Amino acid sequence: MNLETVPLLLVAILLLTAGGDVTRADVTFDGANEADTDPLVVAGGTTTVPANTTTPGPVYVVNGTLDVQGRVGGDVVQLGGRVLAGPEARVDGTVDALAGTRRIDPDAAVPVTSVEVTADLSPVARAILFVVQTGVLALAGYLVARRWPTPLTTVARAARRHPVVSLTAGTLVSVSAIALLVFMAFTLVLVPVSVLGLVAGVLVAGYGVLALGHLLGTRLDRFGVEGPPATALGVVGVSVLAELLSFVPLGGTVVLLAASVGIGAVLVTYLGFREFEPVSIPE
Amino acid sequence: MTTLDALRERDWATLLGVGLFVALAAGGYYYNVTFVQLGLIDLGVRVVGMSRGAVSVAMAGLALATLAVAIVTGVAMDRRGVSRDLYAKLRILLGVTVLQTALTAVAPFVASELAFYAWVACCSVTIGVGVPATFGLAVDLVPVPDRGYVAALVTAGAFFVAAVYPLEWTIGSFSRVMVAAFVPALLVLGVLASGRVPLIDELAGEPRHAVGRFCRSEPVRTWSLAFWALVVLMFGAYFVDSLGFLRIVETESLVLSSWGSPDLGIHVFIGVVHVLGAFAAGVLYANFSRRALFLWVFGLFAFTHLLYTFFVRTAEGAPPLLMPGFYALAVSFYTTLNFALWPDVSTPETVGTHAALGVGVAGWLATFLSTSLALYFEESGVGLLSHLNLVNALALLLFAGVPVAVYLHRVARYARGGPT
């Protein structure tokens, strides 16, 4: 399962349970599967609705492939992945396509409502999105550095002085937390907790990015830029660096590792309220 | 001097010492997790034709006998001063390796139940003697600040190779691998134990890394709460692992898609997770209190078994790799802790006894009891789901028990008017 799939998976399960009458659902992650009589979330692999069979739906596609050869009794909501429909395919509701790709046979009775929100963006749109995203982060960096300079500095210091410890703690907690959140979502009852956890995770990761930006910003004092403006500029630097790295092979991994360092630094310093001091083991 | 300092200053004796400890401990653990734990089942069931229950009883007997031999050896080593003598420990290990080479070579030819039991008895003697002798080397060879990282190297090395090779869990393939590894090891150990290697001479004499991390203010006594609390916690880790794994490994749908898979890629994945887990545990051990590691160990086990029970309850077919991945992570965590902990609660006067009690009671007794319990469950008709539920409950109990025990310990200290 891709890391990017996790939020979409949680959103899909949240939408699925929003009506309140769903008590079970099938989630597929890999391999070849056949749709059953339960509501379905396709998160990986290929799930087929065989010819001459009916799955009641709804079906959510976040990753992998949904191959409809038979009939879907309800709606299909596509947040990602692929939807295929053969000539005999029939969807009683609609295919609400928000992202991903589709190949619908012209003879299929499959009504599609397409509202592409994450389709391939044009370079200009992508640039605008990046500028907005970076601007929001920089503003957050400026405000946090102004309001809570000491905790931010403490987190940044932990990331600089103890990168390996921060990386280890950040990676461990992230991996465990993602698995735990997805697992909670599967219980359906804990979906709200899972979504709250995801929000908390995003905030911690964001705080980590601000701390890395602050760290970079402290290097700007030689140019006469200090305090909150330096942090904001540092955050811009981190954001630009991450964007540039996404074009380089393994750059994504480097960005992920750096983000883990940030998350770990936030955690080992208790959100920056306590200096991290490793235990002392004299020889 | 730490290992990094030694590397910078080209202190070959220290580097050789660390390398030797890693090689011996990783080799010994690899032998244990592959040849003894998996090879013996194949030998008993397929080659000799015994029932699985009878083989499990023999393995439980091996665990108990190993515990007894380890304690006798460890106590004798400490009382006779052998734990302070590097050459004596190397020579003991040379003897153990000679015997294990012979035992390993003849294992595929064991054909009767009597021979099988005799083989198990001899094997338990070699392992029982080997455990305190190997752990005892830490006071001579492994700098105290590096013990977490060195333990991580041992764990990573043993588990990565065990996960990747051999893929076939038969006594024949295990035997060939082990004999091929033992022969050069024998030669190297023979040379090192001969007393004619100047670098080893530099390491011999008074132990260089005598006082363990947790013995700095005062030595941890054998009959103290501090020592036995650790033994109980490690016992819990081994017990939870063993009880869960014994059932998982017998469930074809679970094991054929993970540890027993014919796909090398899956084995490499599990091996890499072991390496990453060991590294993470090493970092945590060196930078945090041991409490944090125990919490991670029990938390990971609880979560892993929760995943398994959830999967068994709701799904069919092959489980996602996430599950063996988390399992491997948890196992690497406590194994790393195991290799660093016992030397760190010891001095040269106690390292043999503490290693024997620690590894013996926590490792072997836990294996014995979990094997017995698993057999009892099987005979009582306890299903897979109920079995894993129990393991999960135990892991959760231990996970919750650690902070509660720490808290109560502090309450008791403050009540006695101790430092705040």
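Quick caveat: nothing in here was measured; it's all calculated off a predicted structure. (Residues numbered from 1 in each chain as written. Chains lettered and ligands numbered in written order. Predicted model: local features only at pLDDT ≥ 70, side-chain atom pairs only at ≥ 80, totals over all residues. Heavy atoms only, no water.)

## Remarks on the overall build of chain A
Assigned secondary structure in chain A consists of seven helices and 14 strands. Over its C-alpha atoms, taken along the principal directions, chain A stretches across nearly 70 × 45 × 35 Å. Restricting to contacts in chain A with at least 6 residues of sequence separation, those with at least 24 account for 37%. Surface exposure of chain A reaches about 14,400 Å², of which carbon and sulfur atoms provide 65%. On chain A, the mean spot of the 15 positive side-chain charges and the mean spot of the 22 negative ones are 14 Å from each other. (Helix = DSSP H or I, 4+ residues; strand = E, 2+ residues; numbered from the N terminus. Contact = heavy atoms within 4.5 Å. Areas by Shrake-Rupley, 256 points an atom, 1.4 Å probe, with all protein chains shown as cover. Lys, Arg positive; Asp, Glu negative; His and termini not counted. Charge placed at Lys NZ, Arg CZ, Asp CG, Glu CD.)

## A word on the overall build of chain B
Along the backbone of chain B there are 16 helices and zero strands. Its C-alpha atoms give chain B a radius of gyration of 21 Å, near enough to 22 Å, the size a compact globule of 420 residues would have. Principal axes of the C-alpha set define a box for chain B whose edges measure 60 × 60 × 40 Å. Buried residues in chain B amount to 57% of all 420 residues. Sequence-distant contacts, at least 24 apart, represent 84% of the contacts inside chain B between residues at least 6 apart. (Rg over C-alpha atoms; globule rule 2.2 N^0.38 Å. Buried < 20%, exposed > 50% of the residue type's maximum accessible area, 1.4 Å probe, protein only.)

## Considering helix 3 (residues 149-161) of chain A
Residues and elements named next belong to chain A. Taking 1.5 Å per residue, 13 residues should reach 18 Å; helix 3 reaches 18 Å between its end C-alpha atoms and fits that length. Burial in helix 3 covers these residues: Pro151, Leu152, Thr154, Val155, Ala156, Ala158 and Ala159. Those residues of helix 3 that are buried lie in contact with helix 2 (123-147), helix 4 (163-186), helix 5 (191-217), helix 6 (227-245) and helix 7 (251-268). (Expected span 1.5 Å × (residues − 1).)

## Observations regarding the nonpolar core
Nonpolar side chains tend to gather and get buried jointly when the protein is soluble and globular. Counting 159 residues, the largest nonpolar core has Phe116, Trp119, Phe333 and Trp342 of chain B as its most contacted members. For this core, the element with the highest residue contribution is helix 2 (residues 12-48) of chain B, accounting for 18 residues. Discounting chain neighbours no more than four positions away, the residues touching tryptophan 342 of chain B are Phe135, Phe227, Leu230, Val231, Met234, His354, Ala355, Gly358 and Val359 of chain B. Core analysis: the second largest hydrophobic core is formed by 17 residues, Val61, Leu66, Val68 and Val76 of chain A among them. (Core = buried A, V, L, I, M, F, W, Y, C linked by side-chain atoms within 4.5 Å.)

## Some remarks on the sheet that holds strand 8 (residues 71-72) of chain A
Residue and element names in this part refer to chain A. Strands sit in the order 5-8-11 across an open sheet of three strands; the sheet is parallel. Sheet topology places strand 5 (54-55) and strand 11 (90-91) at the edges, where each strand pairs with a single neighbour. Strand direction decides the pairing type here: strand 8 and strand 11, joined by two bridges, are parallel. Bridge pairing in strand 11 links valine 72 to valine 91. (Pairing = 2+ DSSP bridges.)

## Examining the packing of aromatic side chains
Residue and element names in this part refer to chain B. If you walk through the whole model with that rule in mind, you get 25 aromatic pairs over all chains. Between the aromatic rings of phenylalanine 116 and tyrosine 117, the centroid separation amounts to 6.0 Å while the plane-to-plane angle is 70°, which identifies the pairing as edge-to-face. Centre to centre, the rings of phenylalanine 245 and tyrosine 327 are 5.9 Å apart; their planes meet at 55°, and the pair counts as tilted. Of this pair, phenylalanine 245 sits in helix 10 (residues 225-248) while tyrosine 327 is found in helix 14 (residues 322-344), placing the two residues 82 residues apart along the sequence. Taken together through their ring pairs, the aromatic side chains of Tyr238, Phe245, Trp259, Phe301, Tyr308, Tyr327 and Tyr334 make up a single cluster. A cation sits over an aromatic face here: arginine 213 above tyrosine 285, 4.8 Å from the ring centre. (Phe/Tyr/Trp six-rings, centres within 6.5 Å; stacked < 30°, edge-to-face > 60°. Lys NZ or Arg CZ within 6 Å of the ring centre and 35° of its normal.)

## Digging into the pairing of strand 4 (residues 46-49) of chain A
Residues and elements named next belong to chain A. Across the two faces of strand 4 the burial differs, with Thr47 and Val49 buried and Thr46 and Thr48 not buried at all. Across three bridges, strand 2 (residues 32-34) lies against strand 4 in parallel orientation. Following the sheet pairing, alanine 32 is matched in strand 4 by threonine 46.

## A closer look at a positive patch on the surface
Residue and element names in this part refer to chain A. On the surface, a cluster of positive charge is made up of Arg160, Arg161, Arg219 and Arg222. Note that arginine 160 resides in helix 3. Classification of arginine 160 as partly exposed rests on a relative accessible area of 45%. (Patch = residues over 30% accessible without salt bridge, like charges linked within 9 Å, V, L, I, M, F, W, Y side chains within 5 Å. Salt bridge = Lys/Arg side-chain N within 4 Å of Asp/Glu carboxyl O.)

## What about the interface of chain A and chain B?
Across the boundary between the two partners, chain A contributes 19 residues, which contact 26 residues of chain B. In total, chain A and chain B occlude about 2,000 Å² of area from one another, counting both sides; carbon and sulfur atoms represent 77% of this. Per-residue buried area on chain A facing chain B is highest for Phe183, Ile281 and Glu283 of chain A; these three make up 35% of the total on that side. Put simply, chain A and chain B have one residue pair in polar contact (both at pLDDT 80 or more) between them. Considering each element in turn, the side of chain A that touches chain B owes the most residues, 11 residues, to helix 4 of chain A. Across the side of chain A that touches chain B, the residue classes tally to 15 nonpolar, three polar and one charged. (Buried area = accessible area lost by both parts, 1.4 Å probe. Polar contact = N/O pair within 3.5 Å; in protein donor to acceptor, adjacent residues only side chain to side chain. Nonpolar A, V, L, I, M, F, W, Y, C, P; charged D, E, K, R; others polar.)

## Side note on the sheet that holds strand 9 (residues 76-78) of chain A
Residue and element names in this part refer to chain A. Sheet architecture is open: six strands sit in the order 1-3-6-9-12-14, paired in parallel fashion. One side of each edge strand has no neighbouring strand; the edge strands of this open sheet are strand 1 (26-28) and strand 14 (112-114). Within this sheet the neighbouring strands show an average axis-to-axis angle of 15°, counted without direction. Across three bridges, the pairing between strand 6 (residues 59-61) and strand 9 is parallel. (Axes fitted to C-alpha atoms, helices over the stretch in contact; angles between N-to-C directions.)

## Some thoughts on the environment of valine 106 of chain B
All names here are of chain B. With respect to the element layout, valine 106 can be found in helix 4 (residues 86-106). Given the relative accessible area of 43%, valine 106 is considered partly exposed. Here the alpha-carbon distance between valine 106 and valine 45, two residues 61 residues apart in the chain, equals 17 Å.

## Some details on a nonpolar patch on the surface
On the surface, a nonpolar cluster with roughly 380 Å² of combined accessible area is contributed by Leu167, Leu264, Val268, Val272 and Leu276 of chain B. The topology assignment puts leucine 264 of chain B in helix 12 (residues 264-287).

## Points about unusual backbone geometry
A positive phi angle, near 55°, is found at tyrosine 270 of chain A, a position not held by glycine. Here tyrosine 270 of chain A shows up in the segment after helix 7. Positive phi, normally seen in glycine, also occurs at arginine 10 of chain B, with a value near 50°. With respect to the element layout, arginine 10 of chain B can be found in the loop between helix 1 (3-8) and helix 2. Judged by relative accessible area, which is 61%, arginine 10 of chain B ranks as exposed.

## Observations concerning the packing of helix 4 of chain A against helix 5 of chain A
Residue and element names in this part refer to chain A. Relative to each other, helix 4 and helix 5 sit at 155°, their axes nearing to 7 Å. On the basis of the axis angle, helix 4 is roughly antiparallel to helix 5. The chirality of how helix 4 crosses helix 5 is left-handed. Counting all contacts with helix 4, which are made through Leu181, Met184 and Ala185, the residues of helix 5 involved are Val191, Val193, Ser194, Gly197 and Leu198. (Parallel < 35°, antiparallel > 145°, perpendicular 65-115°, else oblique. Left-handed = near helix turned anticlockwise from the far one by under 90°.)

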